[in-house]
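So you can see what is in the structure, the chains are spelled out below.
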Amino acid sequence: MALWFVFAMMTAVAVFAVLWPLGRSVKAQRDGSEAAVYKDQLAEVDRDAAIGLIGPSEASAAKVEIGRRLLASAEAERTTPTTTRRGLRRLVALTALVGLPVLAVAIYLPLGSPTLPDEPLVARAKAPASSQPLDNLVAQVEAHLEKNPTDGRGWTVLAPVLAKTGRFEDAARAYRNAITYAGETADRRADLGEVLTSAAGGVVTADAKTEFERAVALNQDEAKARYFLGLAAEQDGRPKDAATIWRAMLEKAPADAPWRPMLQTELARVDGTAKQPALPEGAAAAVQNMSEADRAAMIQGMVAKLAARLKQNGDDVDGWLRLVRAYMVLGDTDKAKSAQTEARQAVADKPDRLKQLNDGLKGLGLDG
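Nothing here was measured: the structure is a model prediction, and the numbers come from that model.

**Some points on the overall build of the protein chain**
Alright, step 1. Along the protein chain, the regular secondary structure elements total 18 helices and 0 strands.
Alright, step 2. Taking all 368 residues of the protein chain together, 30% fall into the buried category.
Alright, step 3. When the accessible surface of the protein chain is summed, it comes to about 23,400 Å², and 58% of that surface belongs to carbon and sulfur atoms.

**Examining the packing of aromatic side chains**
To describe a pair of aromatic rings, you give the distance between the ring centres and the angle between the ring planes.
Alright, step 1. Taken as a whole and assessed by the stated rule, the structure comprises 3 aromatic pairs.
Alright, step 2. Taking the centre distance of 5.1 Å and the plane angle of 70° together, the rings of Tyr227 and Phe228 count as edge-to-face.
Alright, step 3. Relative to Trp246, the ring of Tyr227 has its centre 5.5 Å away and its plane inclined at 20°; by these criteria the two rings are stacked. Remark: Trp246 occurs in helix H12 (residues 239–252) and Tyr227 occurs in helix H11 (residues 223–235); sequence separation between them is 19 residues.
Alright, step 4. On the basis of relative accessible area, Trp246 is assigned to the buried category, the value being 0%.
Alright, step 5. An aromatic cluster is built from Phe212, Tyr227, Phe228 and Trp246, whose rings are joined through pairwise contacts.

**Considerations on the environment of Ala12**
Alright, step 1. Tracing the backbone shows Ala12 in helix H1 (residues 2–23).
Alright, step 2. Linking Ala12 and Pro101, residues 89 residues apart in sequence, is a C-alpha distance of 8.9 Å.

**Looking at the packing of helix H9 (residues 186–199) against H11**
Relative orientation and spacing of two packed helices are given, respectively, by the angle between their axes and the distance between those axes.
Alright, step 1. Where H9 meets H11, the closest approach of the two axes is 9 Å, and the angle between their N-to-C directions is 40°. By the angle class used here, H9 and H11 are oblique. Note that H9 runs across H11; the crossing there is left-handed. Contacts between H9 and H11 pair Ala190, Asp191, Glu194 and Thr197 from the former with Lys224, Ala225 and Phe228 from the latter.
Alright, step 2. By residue class, the composition of the contact of H9 with H11 is 3 nonpolar, 1 polar and 3 charged.

**Examining helix H10 (residues 206–218)**
Alright, step 1. Between the first and last C-alpha of H10 there are 19 Å, a value that for 13 residues agrees with the 18 Å anticipated at 1.5 Å per step.
Alright, step 2. Along H10, the residues that are buried comprise Ala208, Glu211, Phe212, Ala215 and Val216. Down the axis, H10 shows its buried residues gathered within 140° of arc, on one side only. Exposed side of H10, more than 90 degrees from the buried face: Ala206, Asp207 and Ala217 are the residues found there.

Each value, and the rule that gives it
Residues numbered from 1 in each chain as written. Predicted model: local features only at pLDDT ≥ 70, side-chain atom pairs only at ≥ 80, totals over all residues. Heavy atoms only, no water. Helix = DSSP H or I, 4+ residues; strand = E, 2+ residues; numbered from the N terminus. Buried < 20%, exposed > 50% of the residue type's maximum accessible area, 1.4 Å probe, protein only. Areas by Shrake-Rupley, 256 points an atom, 1.4 Å probe, with all protein chains shown as cover. Phe/Tyr/Trp six-rings, centres within 6.5 Å; stacked < 30°, edge-to-face > 60°. Axes fitted to C-alpha atoms, helices over the stretch in contact; angles between N-to-C directions. Parallel < 35°, antiparallel > 145°, perpendicular 65-115°, else oblique. Left-handed = near helix turned anticlockwise from the far one by under 90°. Contact = heavy atoms within 4.5 Å. Nonpolar A, V, L, I, M, F, W, Y, C, P; charged D, E, K, R; others polar. Expected span 1.5 Å × (residues − 1). Arc of directions from axis to C-beta.

Here it is as structure tokens:
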């Protein structure tokens, strides 16, 4: 409404500027007219004749000529169509008063957008172009945070993006700043522990474990932190403790929890009940007479070939998902996480494929 009020005031000022000179009455300026000039000339001729500057005959001739001009001037002033000018002024004034606003509205309605909602300048400045590369957007956010290092919201937005693009050390710094300036939460502590683990190649370091413990202290049901605490127990040589942690998570988890399939696979692995990944249809018949060791070796070879192919062609999102799934079933968590990171790096500059990859990882129970 404030904007429309300003526009209305501007229109009123413009109309007033047009009407003001048209509405003023025109006074006959007798003192400055041609008749007044001619009268002055007659008086001057009389003065010149009285003092002898001109003779009587010259004075008479001059008076005749000036009188003729005076009569012509007076006749012209009497015949001036003043009423016509006044009527014209009124017509122009009425046209300006009514026509200008009508013309402005008539032009705005087909060209403008009166129903478009307001968009604050801050929102327009922060809105990213959808076609802009991810690296450019990240660089813009980082430049903003260099000038505004206490912007907790900015660090919160930047941290997961850095993590998904494989910049784990930068992501850890961003999560720490988010905790400092935006507040401590279980999610942020767990995310910080995860990027510290990823930076260490999948090993739950002492610093990462501390972050997971802090997350659980804030929220006993923080799934990510509890999972990594179980993984830390396994890496410390305590698989039974890991199984206990994961089994308790499954007992409390809802049936549709996205990470349930992955955790069931991990639990089966530490319990020794994991199954080998299913073979392609054509290869199943060829290994029926193989020993368990030979079959495992063949599966390992197939997975290795898939990994080598993906290093040459990183755009194959389905291939990356098959590789991660195979490593999970084989119980090689480190390689699964490494493949997950490599896959994201391979398609980082292709938003559509990156989204497809993240959706597929969520389907495997991983953090997409």
